[in-house]
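Here are the chains, one letter per residue:
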Amino acid sequence: MRKTIVAGNWKMNKTPKEALELIETLKPLVAGNDKTEVVFCPPFVDLLLAVEATKGTNIKIGAQNMYCAESGAYTGEVSPAMVKECGCEYVILGHSERRAYFGETNELVNAKVKKAFEHGLTPIICVGEKLEEREQGITIDLVRMQVKIALKDVDPENVKKAVIAYEPIWAIGTGKTATSVQAEEVCCAIRQVVAEVFGQEVADEIRVQYGGSVNAGNAAELFAMPNIDGGLVGGASLKADFAKIVNYD
Ligand code: 13P
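Below you will find a few notes about this structure.

### Some points on the overall build of the chain
Here is step 1 of the chain: Scanning the chain from N- to C-terminus turns up 12 helices and 8 strands.
Here is step 2 of the chain: Counting only C-alpha atoms and orienting by the principal axes, one finds that the chain spans roughly 45 × 45 × 35 Å.
Here is step 3 of the chain: Considering the chain as a whole, with its 249 residues, one finds that 54% of them fall into the buried category.
Here is step 4 of the chain: Of the side-chain charges in the chain, 27 are positive and 34 negative, and the distance between the mean point of each set is 1 Å.

What follows is the structure, given as structure tokens:
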């Protein structure tokens, strides 16, 4: 039985002081929910205090990115060990904004996924199509390829633990959510490709989230779909309303 996972991707929002305020607002509102795993992913500079502020609560902390080398001359980057030592359990990898603005390729995402597991971090791997790709009818082909490359040469026991977030790019920050049927179709295809490569047992365990304009009004319908195990939430994770998404039913 897969546990639903709702993660807030804060993107480039919240200074340390603001992060603390948001955490203090949300802490009591999500407390006591043991049905859903709750993850906050603030910017790097907020991670240490976010871990400290959520100690002893049901909130877990994740980073939004990391580099795939151990250490060295990579100005501006953050290593897996740094993220781990901050107290993070999760790391978002391959977000479409990283792919679009910072040139991340499927191969780089794969290298990061493997590094994350080496360091005991659980990756939340983002995949998803652009509007023109949906219109060309290649959504499923494209997402299958993204998933296959991201998970290439990953140990099946680790694949079981991974989270894949299906985020159609046209639905991110646009207020235009995929319908639950559209989201389910792709999340189901993701589980299918995992089954083809790693076997049904692994596919039954891996969690697949939907992301893209998830809000308090649409979360319950999306998360009720058989292959959708929760959500990766952007804009709505920055407000008290995020608790309504966590406590969706
Ligand atoms: P929005 O929820 O703001 O559409 O962002 C989704 C997202 O990109 C989460 O990673």
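### Observations regarding the site of the ligand
Here is step 1 of the chain: In the neighbourhood of the ligand, 13 residues make up the surrounding shell, with Lys 11, His 95, Gly 173, Ser 213 and Gly 235 lying closest.
Here is step 2 of the chain: His 95 is positioned such that a nitrogen or oxygen atom in its side chain is 2.8 Å from an oxygen atom of the ligand.
Here is step 3 of the chain: The class makeup of the residues in the shell around the ligand is 4 nonpolar, 7 polar and 2 charged.

### As for the side chain of Lys 112
Here is step 1 of the chain: Considering the arrangement of structural elements, one finds Lys 112 in helix H5 (residues 106–118).
Here is step 2 of the chain: In this structure Lys 112 comes out as buried when scored by relative accessible area, which is 1%.
Here is step 3 of the chain: Among all residues touching Lys 112, those that are not within four sequence positions of it are Asn 65, Met 66, Tyr 67, Cys 68, Leu 93 and Glu 104.

### Points about the pattern of salt bridges
Here is step 1 of the chain: A full pass over the atoms with the stated rule returns 20 salt bridges.
Here is step 2 of the chain: Among the ionic pairs, Asp 249 bridges to Lys 35, the shortest N-O distance being 3.0 Å. Residue Asp 249 is found in the segment after helix H12 (242–246), and its partner Lys 35 is found in the loop between helix H1 (16–30) and strand S2 (36–41); the two are separated by 214 residues along the sequence.
Here is step 3 of the chain: For Lys 115, the salt bridge goes to Glu 118, with nearest N and O atoms at 3.0 Å. With Lys 115 and Glu 118 both in helix H5 and 3 residues apart, this pair spans about one turn of that helix.
Here is step 4 of the chain: Looking at Lys 115, the relative accessible area reads 15%, which means it is buried.
Here is step 5 of the chain: Within this structure, Glu 37, Lys 60, Glu 89 and Arg 207 form a network of salt bridges that share partners.

### Here we look at helix H7 (residues 139–150)
Here is step 1 of the chain: The first and last C-alpha atoms of H7 sit 16 Å apart over 12 residues, in line with the 16 Å expected at 1.5 Å per residue.
Here is step 2 of the chain: Buried positions along H7 lie against helix H4 (96–102), H5, strand S5 (122–127), helix H6 (131–135), strand S6 (163–166) and helix H9 (180–198).

### What about the sheet that holds S2?
Here is step 1 of the chain: The sheet built from 8 strands closes into a barrel, its strands ordered S1-S2-S3-S4-S5-S6-S7-S8 with parallel pairing. Averaged over all pairs of adjacent strands, the angle between strand axes in this sheet comes to 30°, irrespective of strand direction.
Here is step 2 of the chain: Pairing of strand S3 (residues 59–63) with strand S4 (residues 90–93) involves 2 bridges; the strand directions are parallel. Residue pairing across strands places Gly 62 opposite Tyr 90, the latter belonging to S4.
Here is step 3 of the chain: Packed onto the sheet, H7 meets S5 and S6 and runs at close to 155° relative to S5.

### Concerning unusual backbone geometry
Here is step 1 of the chain: Despite not being glycine, Lys 11 shows a phi value in the positive range, around 50°.
Here is step 2 of the chain: You can see Lys 11 is positioned in the loop between strand S1 (4–9) and H1.
Here is step 3 of the chain: Residues other than glycine seldom take positive phi values, yet Lys 14 does so here, at roughly 85°.
Here is step 4 of the chain: Tracing the sequence through the fold places Lys 14 in the loop between S1 and H1.

### So, the pairing of S6
Here is step 1 of the chain: Of the two faces of S6, both are covered, the one formed by Val 163 and Ala 165 as well as the one formed by Ile 164 and Tyr 166.
Here is step 2 of the chain: Pairing between S5 and S6: 4 bridges, direction parallel. Directly across from Ile 124, in S6, lies its bridge partner Val 163.
Here is step 3 of the chain: One ladder, built from 4 bridges, connects S6 with strand S7 (residues 207–211); its direction is parallel. Across the sheet, the residue bridging to Ala 165 is Gln 209, located in S7.

Rules used throughout
Residues numbered from 1 in each chain as written. Predicted model: local features only at pLDDT ≥ 70, side-chain atom pairs only at ≥ 80, totals over all residues. Heavy atoms only, no water. Helix = DSSP H or I, 4+ residues; strand = E, 2+ residues; numbered from the N terminus. Buried < 20%, exposed > 50% of the residue type's maximum accessible area, 1.4 Å probe, protein only. Lys, Arg positive; Asp, Glu negative; His and termini not counted. Charge placed at Lys NZ, Arg CZ, Asp CG, Glu CD. Near = heavy atom within 4 Å. Polar contact = N/O pair within 3.5 Å; in protein donor to acceptor, adjacent residues only side chain to side chain. Nonpolar A, V, L, I, M, F, W, Y, C, P; charged D, E, K, R; others polar. Contact = heavy atoms within 4.5 Å. Salt bridge = Lys/Arg side-chain N within 4 Å of Asp/Glu carboxyl O. Expected span 1.5 Å × (residues − 1). Pairing = 2+ DSSP bridges. Axes fitted to C-alpha atoms, helices over the stretch in contact; angles between N-to-C directions.

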